Amino acid sequence: MATAVTKAKQLSVPRDVPGRFGAYGGRFVPETLMAALEELEREYEKVKRDKQFQARLTELLRNYAGRPTPLFFAGRLTKKLGGAKIYLKREDLLHTGAHKINNCLGQGLLAERMGKRRIIAETGAGQHGVATATVCALLGFDCVVYMGSEDMRRQELNVFRMRLLGAEVRSVNSGSRTLKDAINEAMRDWVTNVRTTHYLLGSVLGAHPYPTMVRDFHKIIGCEARAQILKAEGKLPTAIIACVGGGSNAIGIFFEFIKDKKVKFIGVEAGGRGEALGDHAARFRGGSPGVLQGTYSYLLQDAAGQIAATHSVSAGLDYPSIGPEHAWLKDTGRAEYVAASDAEALEACTLLARTEGIIPALESAHAVAEVIKRTPRMKKSDVVIVNISGRGDKDIGIMRESLELE
Ligand SMILES: *Cc1c(COP(=O)(O)O)cnc(C)c1O
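Now for a look at the structure at hand. Just so we're clear, the structure is a prediction, and the values are computed from it rather than from any experiment.

Parameters and conventions
- Residues numbered from 1 in each chain as written.
- Predicted model: local features only at pLDDT ≥ 70, side-chain atom pairs only at ≥ 80, totals over all residues.
- Heavy atoms only, no water.
- Helix = DSSP H or I, 4+ residues; strand = E, 2+ residues; numbered from the N terminus.
- Rg over C-alpha atoms; globule rule 2.2 N^0.38 Å.
- Buried < 20%, exposed > 50% of the residue type's maximum accessible area, 1.4 Å probe, protein only.
- Contact = heavy atoms within 4.5 Å.
- Areas by Shrake-Rupley, 256 points an atom, 1.4 Å probe, with all protein chains shown as cover.
- Phe/Tyr/Trp six-rings, centres within 6.5 Å; stacked < 30°, edge-to-face > 60°.
- Lys NZ or Arg CZ within 6 Å of the ring centre and 35° of its normal.
- Expected span 1.5 Å × (residues − 1).
- Arc of directions from axis to C-beta.
- Salt bridge = Lys/Arg side-chain N within 4 Å of Asp/Glu carboxyl O.
- Near = heavy atom within 4 Å.
- Polar contact = N/O pair within 3.5 Å; in protein donor to acceptor, adjacent residues only side chain to side chain.
- Nonpolar A, V, L, I, M, F, W, Y, C, P; charged D, E, K, R; others polar.

## Focus: the overall build of the protein chain
When helices and strands are counted, the protein chain shows 16 helices and 15 strands. In terms of C-alpha radius of gyration, the protein chain reaches 20 Å, essentially the compact-globule figure of 22 Å for 406 residues. Projected onto its principal axes, the C-alpha positions of the protein chain cover 55 × 50 × 45 Å. Taken across its 406 residues, the protein chain has 61% of its residues classed as buried. Put simply, 73% of the contacts in the protein chain that link residues at least 6 apart link residues at least 24 apart. For the protein chain, the accessible area works out to roughly 16,800 Å², and carbon and sulfur atoms hold 51% of it.

Structure (structure tokens):
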């Protein structure tokens, strides 16, 4: 259940309060979790300045995950669309196939430092669950992943993958039996086992310090991209485009450019199969501010504050809320948010596959769909970076059902 608050301004919180992005963010949790969140915040503040911790994380990001990822000039796609130069940030080349491993390694090392050897996580499509199970195997932790039974049915292969990696996958049968119900269950577990357990949250969502901490573990994407584009083009990009589920890959690539006011940020939400509530997951199109799962942000909800059903062809974008920092970037006009439909994302997959030989995840294909709409109207001297947050192998089954190829 969400607490509906119609206007962000009604919570007039100064913007420099930790964990707040304007009025958004915060820590709306039961008292039983406050001590754990405070401990996590304290430890996280310490490791930010700890050279040993940072060196170990850098080593794993390089030699285990495969960083830095390339920034690739998409020459044939650029020529085909006939406008701005298009560069792809290749997070799809990371170990486990998406950006999620950046955050899992960071939080895994943090849990180790806090002496917590049991990790719990939620997962929707299974990508965050797989990345979490991977890091738990690497660091020798017990791992429990909560997953809605409906998602387990749809993503059988990822359930097996997690089990192969040694994780226990617990089926959640409440509510819509999908991601938000899995998060509720993970929070319930955490309340009970907080002394031994770290909750490894998978996006820039939840109570403070998660949105800030998860962003920081992903900001390396933008740090690399900034240096890479300066080297390749001798200037900053005109625009950066990324898909937005919870918003971690998007804020990860945006953040290092936030003071470069001339660099436009475009976040792409799931437009799904239509405009009606229940047919999409575009929180900025049909949503309004409210509290869900620990944080105050835009939500898809009905007039009573009940969470609406969502739909997207891409499971990673199919969530009723969005990271609070994105709500702030939207309200202040620093970022623009648009939506791409299921059909547009599928079409973008085919185009990227055939022009560049890269099959993107359906999530990332939403960003590519916006590239297709926007870059032909831009100048040839403009430069666009699109974040390819993950690879499409996991989605081949859905693509095969939805695309008729001759
Ligand atoms: C999980 C996922 C997303 C959505 O999550 P964000 O936190 O919005 O980045 C996007 N792309 C891929 C490939 C994913 O696995």
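## Considerations on the packing of aromatic side chains
Enumeration over the complete set of coordinates arrives at ten aromatic pairs. Between W190 and Y199, the ring centres sit 5.9 Å apart and the planes meet at 70°, which makes this aromatic pair edge-to-face. Take W190 and Y199: they sit in the same class, and that class is buried. What links up through ring pairs into an aromatic cluster is the set Y24, F284, Y296, Y298 and Y337. For the cation-ring pair, K85 lies above F73, with the distance from its terminal atom to the ring centre recorded as 5.3 Å. Just above the ring of F265 sits the side chain of R334; from NZ or CZ to the centre is 3.9 Å.

## Describing helix α10 (residues 220–233)
For α10, with 14 residues, the first-to-last C-alpha span of 20 Å sits near the 20 Å given by 1.5 Å per residue. Within the sequence span of α10, burial applies to I221, G222, E224, A225, I229 and E233. The buried residues of α10 all sit within an arc of 155° when viewed along its axis, so they share a single face. Each element contacted by the buried residues of α10 is listed here: β4 (71–73), β5 (85–90), α4 (100–113), α9 (210–218), α11 (248–254) and β15 (383–388).

## So, the environment of S149
Mapped onto the secondary structure, S149 falls in helix α6 (residues 149–154). Each C-alpha atom of the pair S149 and A182 lies 9.1 Å from the other, and the pair is 33 residues apart in sequence. Apart from residues no more than four positions distant in its own chain, S149 is found in contact with S171, V172, N173 and R177.

## So, unusual backbone geometry
Backbone geometry follows two general trends: most residues other than glycine have a negative phi, and most peptide bonds adopt the trans configuration. For the bond from R67 to P68, the omega torsion is -5°, close enough to zero to count as cis. Summarising the element assignment, P68 is placed in the loop between α2 (51–65) and β4. Put simply, H208 and P209 share a cis peptide bond, and its omega is 15°. Along the chain, P209 falls in the loop between β9 (197–199) and α9.

## Examining α4
Its 14 residues place the ends of α4 20 Å apart at the C-alpha level, agreeing with the 20 Å of an ideal helix rising 1.5 Å per residue. Across the 14 residues of α4, eleven count as buried, placing the element largely inside the fold. Where α4 is concerned, the buried positions are I101, N102, N103, C104, L105, G106, Q107, G108, L109, L110 and A111. Just past α4, the residue G115 takes up positive phi, approximately 75°.

## Describing the pattern of salt bridges
Enumeration over the complete set of coordinates arrives at 33 salt bridges. E233 serves as the salt-bridge partner of K85, at 2.7 Å between the closest nitrogen and oxygen. Note that K85 is positioned in strand β5 and E233 in helix α10, a separation of 148 residues in sequence. Its salt-bridge partner being R170, residue E168 comes within 2.7 Å of it at the nearest N-O pair. The partly exposed category is assigned to R170, whose relative accessible area is 30%.

## Considering the site of the ligand
Taken together, the neighbourhood of the ligand is formed by 17 residues, with K100, S203, G245, S248 and S389 sitting nearest. Within the side chain of K100, a nitrogen or oxygen atom sits 2.6 Å from an oxygen atom of the ligand. Protein burial of the ligand: of its 380 Å² of free accessible surface, 96% is covered by the chains. Among the residues forming the shell around the ligand, the class breakdown is four nonpolar, eleven polar and two charged.

In short, the description is geometric, and any link to function would need to be established separately.
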